[in-house]
Amino acid sequence: LAQMPLWHEVASHLRVTSAGKGYCVDLLENGELLGVAVGGAREAMFDHDYSAYWGGRNGFAKVAMLTG
């Protein structure tokens with residue numbers, strides 16, 4: 001995505017990031033909204049029917065548990 005034209009502007013306005021759990025927890029604890037792409041780019045860009053394969057990645061669930 002970073003190679004797309006105008007991606008920098010979109011990412012800065014929407015605050016798109018691939019930051020870790022700590023950053024996400026901080027956002028939520030400070031009252032911010034957070035959208036998560038479970039599975040990330042692997043499923044979003046390379047899967048025609050969105051059959052999620054998380055590959056052991058479960059940080060989104062940990063963030064939810066940490067922040068209630």
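Note that the structure is a prediction, hence the values are computed from the model and not measured. The residue count restarts for each chain, going from 1 along the sequence in the order it is written. This being a predicted model, a pLDDT of at least 70 is required before a residue's local features are given, and a value of 80 or more before pairs of side-chain atoms are given or counted; all residues contribute to the totals for chains, interfaces and linings. By convention in this description, side-chain values take in all heavy atoms of the structure and omit both hydrogens and water.

## Comments concerning the overall build of the protein
- Every helix listed is a DSSP run of H or I at least four residues long, and every strand listed is a run of E at least two residues long, numbered separately from the N terminus. The number of helices and strands found in the protein is 4 helices and 0 strands.
- Classification of residues uses two cut-offs on accessible area relative to the type maximum, computed with a 1.4 Å probe and protein chains only: under 20% is buried, over 50% is exposed, and between them is partly exposed. Split into buried and exposed, the 68 residues of the protein put 13% on the buried side.
- Long-range pairs, those at least 24 residues apart, make up 33% of the contacts in the protein with a sequence separation of at least 6.
- For every accessible area listed, the method is Shrake-Rupley and the probe measures 1.4 Å; residues are considered covered only by the protein chains on display. If you sum the accessible surface of the protein, you get close to 5,600 Å²; carbon and sulfur atoms cover 60% of it. Contacts were defined at the residue level, with two residues in contact if any of their heavy atoms lie within 4.5 Å.

## Description of the pattern of salt bridges
- A pairing counts as a salt bridge when a side-chain nitrogen of Lys or Arg comes within 4 Å of a carboxyl oxygen of Asp or Glu. For the structure on display, the rule yields 1 salt bridge.
- We note a salt bridge from R15 to E32, for which the minimum N-O separation is 3.9 Å. Here R15 is found in the loop between α1 (7-14) and α2 (21-29), whereas its partner E32 is found in the loop between α2 and α3 (40-46), with 17 residues between them in sequence.
- By relative accessible area, R15 is classed as partly exposed at 44%.

## Let's talk about unusual backbone geometry
- A positive phi angle, close to 70°, is found at L6, a residue other than glycine.
- Positionally, L6 belongs in the segment before α1.
- The phi dihedral of R15 is positive, around 55°, even though this residue is not glycine.

## Quick word on the packing of α2 against helix α4 (residues 59-67)
- Interaxial distance between α2 and α4 falls to 10 Å at its minimum, and their mutual angle equals 35°. The way α2 lies across α4 gives a crossing that is right-handed. Touching K21, C24, V25, L28 and E29 of α2 are G59, K62, V63, L66 and T67, all from α4.
- A class-by-class count of the residues in the contact of α2 with α4 yields 5 nonpolar, 2 polar and 3 charged. Angles shown run from 0 to 180 degrees and are taken between the N-to-C directions of axes, each axis being a line fitted to C-alpha atoms and, for helices, limited to the stretch in contact. In this scheme the crossing of two helices becomes right-handed for a clockwise turn of the near helix relative to the far one and left-handed for an anticlockwise turn of less than a right angle. Classification convention: Asp, Glu, Lys, Arg as charged; Ala, Val, Leu, Ile, Met, Phe, Trp, Tyr, Cys, Pro as nonpolar; all other residues, Gly among them, as polar.

## Some remarks on the confidence of the model for the protein
- Confidence scores per residue from the predictor, reported as pLDDT, run from 0 to 100. Confidence in the prediction for the protein averages 80 pLDDT; 75% of positions are at 70 or higher.
- Mean pLDDT values for the elements of the protein range from 64 in α3 up to 92 in α2.

## Details of a nonpolar patch on the surface
- Patch membership requires over 30% relative accessible area and the absence of a salt bridge. Like charges are linked within 9 Å, and nonpolar side chains (Val, Leu, Ile, Met, Phe, Trp, Tyr) within 5 Å. Together, V10, L14 and V16 give the surface a local cluster of nonpolar side chains, amounting to about 260 Å² of exposed area.
- Looking at where V10 falls in the secondary structure, it is placed in helix α1.

## What about the environment of V36?
- One can find V36 in the loop between α2 and α3.
- V36 gets classed as partly exposed once you look at its relative accessible area, which sits at 49%.
- Sequence-wise, V36 and C24 are 12 residues apart; in three dimensions their C-alpha atoms are separated by 9.3 Å.

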